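In case you want the letters, here they are:
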Amino acid sequence: MKISFHGACREVTGSCTLIESEGVKFLVDCGMFQGEESEKNQKDFSFNPKDIDFVLLTHAHLDHCGRLPKLFMGGFRGRIYSTAPTRDLAEIILLDALKVSRDEGKVFVAPLCTEGDILELMEFFTCLAYEKENKINDSVKIWLRDAGHILGSASFEVLLKENEKEKKLVFSGDLGNSPAPIVRDPELISGADIVFVESTYGNRIHESKEKGKEILKKKIEEVIEKQGILMIPVFAMERTQELLYELNNWVENQEIPYIPVFLDSPLAIKATGIYRNYVDFYDEEARSLIGKGDDLFDFKGLFMINNVSQAGVAEKAIPPKIILAGSGMFQGGKIKSYLKRYLGDSANTLLIISYQSEGSLGRRLINKEKSVEIDGKIIHVKADVLAIFSFSSHADQLALLNWVDAIKNPKPKKVFIVHGEESAGQSLATILKGTTRSDIIVPVYGNKYNI
Ligand SMILES: [Zn+2]
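How each quantity is defined
Residues numbered from 1 in each chain as written. Predicted model: local features only at pLDDT ≥ 70, side-chain atom pairs only at ≥ 80, totals over all residues. Heavy atoms only, no water. Helix = DSSP H or I, 4+ residues; strand = E, 2+ residues; numbered from the N terminus. Contact = heavy atoms within 4.5 Å. Salt bridge = Lys/Arg side-chain N within 4 Å of Asp/Glu carboxyl O. Buried < 20%, exposed > 50% of the residue type's maximum accessible area, 1.4 Å probe, protein only. Donors = N, O, S within 2.8 Å, 3.2 Å for Na, K, Ca; no water. Tetrahedral: all angles 85-135°; square planar, octahedral: opposite > 155°, others 65-115°. Expected span 1.5 Å × (residues − 1). Core = buried A, V, L, I, M, F, W, Y, C linked by side-chain atoms within 4.5 Å. Polar contact = N/O pair within 3.5 Å; in protein donor to acceptor, adjacent residues only side chain to side chain.

**Student:** Go over the environment of E115 with me, naming the residues and quoting the values.
**Tutor:** You can see E115 is positioned in helix α4 (residues 115–122). Filtering out sequence-adjacent residues up to four positions away, E115 remains in contact with L95, L98 and R102.

Right under this line is the structure:
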């Protein structure tokens, strides 16, 4: 068997792993590089897309599905296996990525790709349920396990037959940060020969969820008192729905005073619509609230800004107010225009709840830089800037270690650590080397292993 790594090595974007074995070639994820690594998207794949038999797609984040159009335009015509929510969310995410690159005058991952091509690509999805055994061909069987990261996210167990011997490969995908509202807890996996585990927060322990919620409540009370604006950059999937879910609970139980909340992200609004279609994928608590007649994503004071005619509504509203806008990593979306307008006022607060990559605007703000450049404009930061990671949809170091540790029967011979910056991956590797007998590897982009 040959294993090669085509992204998310010592970095968090571009997830793509190729497995080649006795006439079968498949990818796990085919994600876009983002931030400083984006130029890698323009490189040709070092394999022929036409030779790929199928793709296992763990979830719909762009850094996991964003190069599927490139694969398709390169001639790939195999099946893409995922859950149904992943398929639906991937469609809006890919169409949005194409639009954003056009609007910003940037070259898309697949320069000739049109909306029509993305819609055609969607026809190649086969949606599978969690837990069930799926026979892909004579040498491959797969199972999807709930990864608890965003709606429909999956870890994959792959049973591969080689020379009449079976090997089990396990791909974590991105693992959730339990307990999280709406999604279920990441499922543990009993055994594997080879494991591929993410390490986004391989060097961090998150604050408790309760503490994070208390901080958010306190910040809401503060902006009400200061008649200020609370800005929260959000990702379209999960973070938005999780915040709406918490705010909905607080408003309906009168745990916070009335304050208008503006959700300014057409993509997040579309994603929320898809969330509504898949109640079966929710955890018990969310399903029971729905059973009692509650709308999880709507409450008094919530305004969704969905089209051009509503533009400017959030700016016109008199403070105090809360603005949730995309994107979580400050790329694209409306958040930057709000930052330009409101960061210079000490009555306002910027609450960062998402991962910010090294060197990014978000990371500079977290590092308390006094002035930052946004779209060529220098902004002197007077607003209160605060980062909390308990709303992260990624497992922290402890949860990652527990997930790997649960794989016992058999214990893995090799563990590849992917999807984490150098320091995060190495930190997780150091602990695993001390606690397991498995061979622990932090691969480099382009590395190939013969096993
Ligand atoms: Zn993800």
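After that view of the structure, there is still more to cover.
**Student:** Account for the pattern of salt bridges, naming residues and giving values.
**Tutor:** Under the counting rule described, the total for this entry stands at 30 salt bridges. Here E369 ties to R364 by a salt bridge, and the two come within 3.7 Å at their closest N and O atoms. Since its relative accessible area comes to 25%, R364 is described here as partly exposed.

**Student:** Explain the coordination of the zinc ion to me, and be specific about the residues and the numbers.
**Tutor:** Within the protein, the atoms that donate to the zinc ion are H59 (NE2), H61 (ND1), H149 (NE2) and D174 (OD), at distances of 2.2 to 2.3 Å. If you look at the zinc ion, its four donor atoms make angles of 90 to 168 degrees with each other, and the shape they trace is irregular. What makes H61 buried here is its relative accessible area of 13%.

**Student:** I'd like a description of helix α3 (residues 84–103), backed by residues and values.
**Tutor:** For α3, which comprises 20 residues, the first-to-last C-alpha distance of 29 Å matches the rise-based estimate of 28 Å (1.5 Å per residue) to within 8%. Downstream of α3 by a residue or two, G105 has a phi angle that is positive, lying close to 65 degrees.

**Student:** So what's going on with the nonpolar core? Residues and values would help.
**Tutor:** Across soluble globular proteins, you tend to see nonpolar side chains buried next to one another. Ranked by internal contacts, the top residues of the largest apolar core, which has 106 residues, are L68, I142 and I220. When sequence neighbours within four positions are dropped, the list of residues in contact with L68 reads C30, V55, L57, I80, L121 and F125. Ranked by size, the runner-up nonpolar core spans 24 residues in total, among them F330, I352, L361 and A383.

**Student:** Tell me about the side chain of D193, and name the residues and values.
**Tutor:** As for its placement among the helices and strands, D193 is situated in the loop between β10 (165–171) and β11 (194–198). Accessibility expressed as a relative area gives 13% for D193, which makes it buried. A distance of 2.7 Å separates a polar atom in the side chain of D193 from the backbone nitrogen of K168. Beyond its immediate sequence surroundings of up to four residues, D193 is in contact with E166, K167, K168, P410, P412, K413 and K414.

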